[in-house]
Amino acid sequence: MDAPTPAGYWHWTVVNVPVSTVTLAQGAGSPGGGYLPPGAVQTRHDGGGPGYLGAAPPRGDRPHRYVFAVHALDVETLDVTPSTTATAVAMNAVFHTIGRATITPTYQVLVDA
C-alpha cells in the first residue's frame, strides 16, 4: 500500500477460494500452492513469481501498511490463470464484489544502530 508506485505493490493474490473455507493451512502461500484449498488459484505477485512475497519495505523507511483483503463475490469463480496479473484479478473482482473485509498491519525495517 505504501510502495512508491501508483498501484501499490501486490504481494499475493489468491482467487477461487471455496466459500466453505474458514482457514488457510500454514504454507498456503508457498510458490507451488499445494497447501491451498482445492480449486484455489494464486496468481503472480508484482515480483513476477507465484506465492506470497513477504513484507520488505526499504531499510529505515517509515512503517509500511499492508492490506490483507477478502472479497465475497456473486460468482463461484473468476476466469483467471496463474499468469493473470493481480491488477487484472482486482479489476475482474470489483464488478462481482458483494462484501469485503480487510486488516491492515504495519511493518518497518529499522536502521541498524
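Definitions and cut-offs
Residues numbered from 1 in each chain as written. Predicted model: local features only at pLDDT ≥ 70, side-chain atom pairs only at ≥ 80, totals over all residues. Heavy atoms only, no water. Helix = DSSP H or I, 4+ residues; strand = E, 2+ residues; numbered from the N terminus. Contact = heavy atoms within 4.5 Å. Core = buried A, V, L, I, M, F, W, Y, C linked by side-chain atoms within 4.5 Å. Buried < 20%, exposed > 50% of the residue type's maximum accessible area, 1.4 Å probe, protein only. Phe/Tyr/Trp six-rings, centres within 6.5 Å; stacked < 30°, edge-to-face > 60°.

> Please explain the side chain of His64 as it appears in this structure.
Assignment of secondary structure puts His64 in strand E3 (residues 64–65). Setting aside its immediate chain neighbours within four residues, His64 contacts Asp2, Ala3, Pro57, Pro58, Pro105, Thr106 and Tyr107.

> In this structure, what is going on with the nonpolar core? I would like to understand it.
For soluble globular proteins, the rule of thumb is that nonpolar side chains tend to be buried together. Formed by Val15, Val41, Leu78, Val80, Val89 and Ala93, the largest nonpolar core amounts to six residues. Those residues in contact with Val15 that lie beyond four places of it in its chain are Gly39, Ala40, Val41, Leu78, Val80 and Val89.

> What's the story with the packing of aromatic side chains in this structure? I'm lost.
Here a ring pair, both rings aromatic, is described through the centre-centre distance and the interplanar angle of the planes. By the definition in use, this model includes one aromatic pair. Measuring from ring centre to ring centre gives 5.9 Å for Trp12 and Tyr52, while their planes differ by 75°; the resulting arrangement is edge-to-face. Placement of the pair is Trp12 in the segment before strand E1 (13–15) and Tyr52 in the loop between strand E2 (41–43) and E3, with a sequence separation of 40 residues. Overall, Trp12 belongs to the partly exposed group, its relative accessible area being 25%. Overall, the relative accessible area of 38% leaves Tyr52 in the partly exposed class.

Nothing here speaks to function; it is geometry throughout.
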